[in-house]
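Residue-level structural notes
One letter stands for each residue in the lines below.
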Amino acid sequence: MSGDETTIKLNPSKLGTKKYWDDFYEVEHSNFEENQDDTGECWFSDADAEDKIIEFLFSNFNQIESLNPEAKICDLGTGNGHLLFTILEEGWKGELVGVDYSEASIKFAKDIADANDLDVMFEQSDILDFKDEFLVKNTEEFDLVLDKGTLDAIGLSDSKYGDNGELSAVDMYPQTVKNLVKKGGLLIVTSCNFTEEELSILILKYGDFKVWKKIDYPVFEFGGVKGSAICSIAFMRL
Ligand SMILES: C[S@@+](CC[C@H](N)C(=O)[O-])C[C@H]1O[C@@H](n2cnc3c(N)ncnc32)[C@H](O)[C@@H]1O
């Protein structure tokens, strides 16, 4: 990892490619077809990330207008849709939409929703593509936009963006994703590859967000340095 105000870079890996995720969800989908109790991997479950995010949402109701039981949520890089299914089961009343660039993920998440009669919508979308149909049609549509592990995967991509290929995938992320979030709404990013400081630099870079609150995780200490294995930050759209 190298990082300063302008560049925060992870080494590219196959986890940063669409092919990796297509293959991954094809396998998970076929496991599910054999056994409908097997709904696949839940990222960061060892850190209880999903419960922490949900507890954060419920315990902060009505502190800001966009955080209420009827808020409209979009989950970026939803994978198997597990986070949204759990939010629904906890009694969420607002619309829930999951997007992922992997068609295999969307097919898998839709099949889980159908099999369990869960009212969650899923759409294929590349969240780094300004011209993506979902992004264009949902400008400032969502009160809350969630990301668990998706920016981490994006940070491992070596794709280039911008007219002259001058932007990295993580540079694109805040510029495209901001379009989905209502003014005053929240983008809540959960990461294991970026520290709180790096995450803040990445998201605040273009001046469209400010840090609203952070979710607390257990802190460990190693060699005199304190840190958490993962972090979640709620950024408010300005
Ligand atoms: C580590 S997985 C996390 C999945 C899910 N959020 C979870 O917590 O289980 C990363 C996800 O990001 C998706 N993804 C990566 N780049 C994307 C992009 N440009 N647009 C949409 N989804 C993307 C992948 O397909 C994959 O589902």
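Residues numbered from 1 in each chain as written. Predicted model: local features only at pLDDT ≥ 70, side-chain atom pairs only at ≥ 80, totals over all residues. Heavy atoms only, no water.

**What about the overall build of the protein?**
Which entries qualify depends on this criterion: Helix and strand definitions follow DSSP, with helices as H or I runs of at least four residues and strands as E runs of at least two, each counted in order from the N terminus. Each radius of gyration is computed over the set of C-alpha atoms, and the globule rule expresses the reference value as 2.2 Å times the number of residues to the power 0.38. Three exposure classes are used, based on accessible area relative to the maximum for each residue type with a 1.4 Å probe and protein chains only: buried under 20%, partly exposed in between, and exposed over 50%. Should any heavy atoms of two residues lie within 4.5 Å, those residues are counted as being in contact.
A tally of regular secondary structure across the protein gives eight helices and 13 strands. The C-alpha radius of gyration computed for the protein amounts to 17 Å, which stays within 12% of the reference 18 Å derived for 238 residues, consistent with globular compactness. With respect to the principal axes defined by its C-alpha atoms, the protein has extents near 45 × 45 × 40 Å. Across the 238 residues that make up the protein, the buried fraction comes to 50%. Restricting the contact set of the protein to residue pairs at least 6 apart, pairs at least 24 apart contribute 72%.

**A few points about the site of the ligand**
Test applied: The criterion for a residue being near a molecule or strand is simple. One of its heavy atoms has to lie within 4 Å of it. As used in this structure description, the phrase polar contact means that two N or O atoms lie within 3.5 Å; if the pair is within protein, one of them must be able to donate a hydrogen and the other to accept it, and residues adjacent in sequence are counted only when both atoms belong to side chains. Here the Shrake-Rupley method, with its probe set to 1.4 Å, supplies the accessible areas, and only the displayed protein chains count as covering residues. Following the grouping adopted for this structure description, the nonpolar residues are Ala, Val, Leu, Ile, Met, Phe, Trp, Tyr, Cys and Pro, the charged ones are Asp, Glu, Lys and Arg, and the polar ones are all others, Gly among them.
For the ligand, the set of nearby residues contains 17 residues, the closest of which are Tyr25, Trp43, Gly77, Asp100 and Lys148. Here Asp100 contributes a side-chain N or O atom positioned 2.6 Å from an oxygen atom of the ligand. One nitrogen or oxygen atom from the side chain of Asp126 is found 3.0 Å from a nitrogen atom belonging to the ligand. The protein chains hide 96% of the 590 Å² of surface that the ligand would expose on its own. Among the secondary structure elements, those contributing two or more residues to the shell around the ligand are α1 (18-34) and α6 (150-154). Broken down by element, the residue count for the shell around the ligand peaks at three residues, all from α6. Of the residues in the shell around the ligand, the class split is eight nonpolar, six polar and three charged.

**Regarding the environment of Phe85**
Tracing the backbone shows Phe85 in helix α3 (residues 82-89). Separated by 34 residues in sequence, Phe85 and Asp119 have C-alpha atoms that sit 8.4 Å apart.

**Brief notes about the side chain of Asp75**
Selection criterion: A residue counts as positive if it is Lys or Arg and as negative if it is Asp or Glu; His and the chain ends are not included. The term salt bridge refers to a pairing of a side-chain nitrogen on Lys or Arg with a carboxyl oxygen on Asp or Glu at a separation within 4 Å.
By the secondary structure assignment, Asp75 is in strand β3 (residues 73-76). The buried charged residue Asp75 lacks any salt bridge partner; its closest oppositely charged side chain belongs to Lys148, at an N-O distance of 7.2 Å. Asp75 has contacts with Leu83, Leu84, Val97, Gly98, Val99, Leu146 and Asp147, leaving out every residue within four places of it along the chain.

**Focus: the environment of Val170**
With respect to the element layout, Val170 can be found in helix α7 (residues 169-177). Here the alpha-carbon distance between Val170 and Leu128, two residues 42 residues apart in the chain, equals 8.9 Å. Residues contacting Val170, with those up to four places away along its chain left out, are Ile8, Leu151, Ile154, Gly155, Phe194 and Leu202.

**A closer look at a negative patch on the surface**
Just so we agree on the cut-off: Within the patch definition used here, like charges are joined within 9 Å and nonpolar side chains (Val, Leu, Ile, Met, Phe, Trp, Tyr) within 5 Å, considering only residues with over 30% relative accessible area and no salt bridge. The atoms used to mark charge sites are NZ of Lys, CZ of Arg, CG of Asp and CD of Glu.
There is a patch of like negative charges on the surface, built from Asp46, Asp48, Asp51, Glu55, Glu89 and Glu90. For Glu89, a relative accessible area of 58% gives the class exposed.

**Topic: the packing of aromatic side chains**
Stated precisely, the cut-off is as follows: A pair of aromatic rings is counted whenever rings of Phe, Tyr or Trp (Trp by its six-membered ring) have centres within 6.5 Å, and the orientation is called stacked for planes under 30 degrees apart, edge-to-face for over 60 and tilted otherwise.
What the rule picks out here adds up to 14 aromatic pairs. When the ring of Phe32 is compared with that of Phe108, the centres are 5.9 Å apart and the planes differ by 65°; the resulting orientation is edge-to-face. Separated by 76 residues along the polypeptide, Phe32 in helix α1 and Phe108 in helix α4 (residues 103-115) bring together distant segments of the chain. On the basis of relative accessible area, Phe32 is assigned to the buried category, the value being 2%.

**Considerations on the nonpolar core**
Our working definition: Here, nonpolar core refers to any group of buried Ala, Val, Leu, Ile, Met, Phe, Trp, Tyr and Cys residues whose side-chain atoms link them within 4.5 Å.
Core analysis: the biggest nonpolar cluster contains 40 residues, and Ile73, Ile87, Trp92 and Leu186 have the highest contact counts within it. Sorting the residues of this core by element identifies α1, α2 (49-59), α3, α4, β6 (142-148), β9 (181-191), β10 (209-215) and β13 (231-237) as the ones contributing at least two each. No other element matches α4, which puts six residues into this core. Setting aside its immediate chain neighbours within four residues, Leu186 contacts Ile64, Ser66, Leu67, Asp143, Leu144, Val145, Val181, Trp212, Ala234, Phe235 and Met236. Residues Leu128, Leu167, Ile203 and Phe209 belong to the second largest nonpolar core, which totals 34 residues.

Such coordinate-based values are descriptive only and should not be taken to indicate function.
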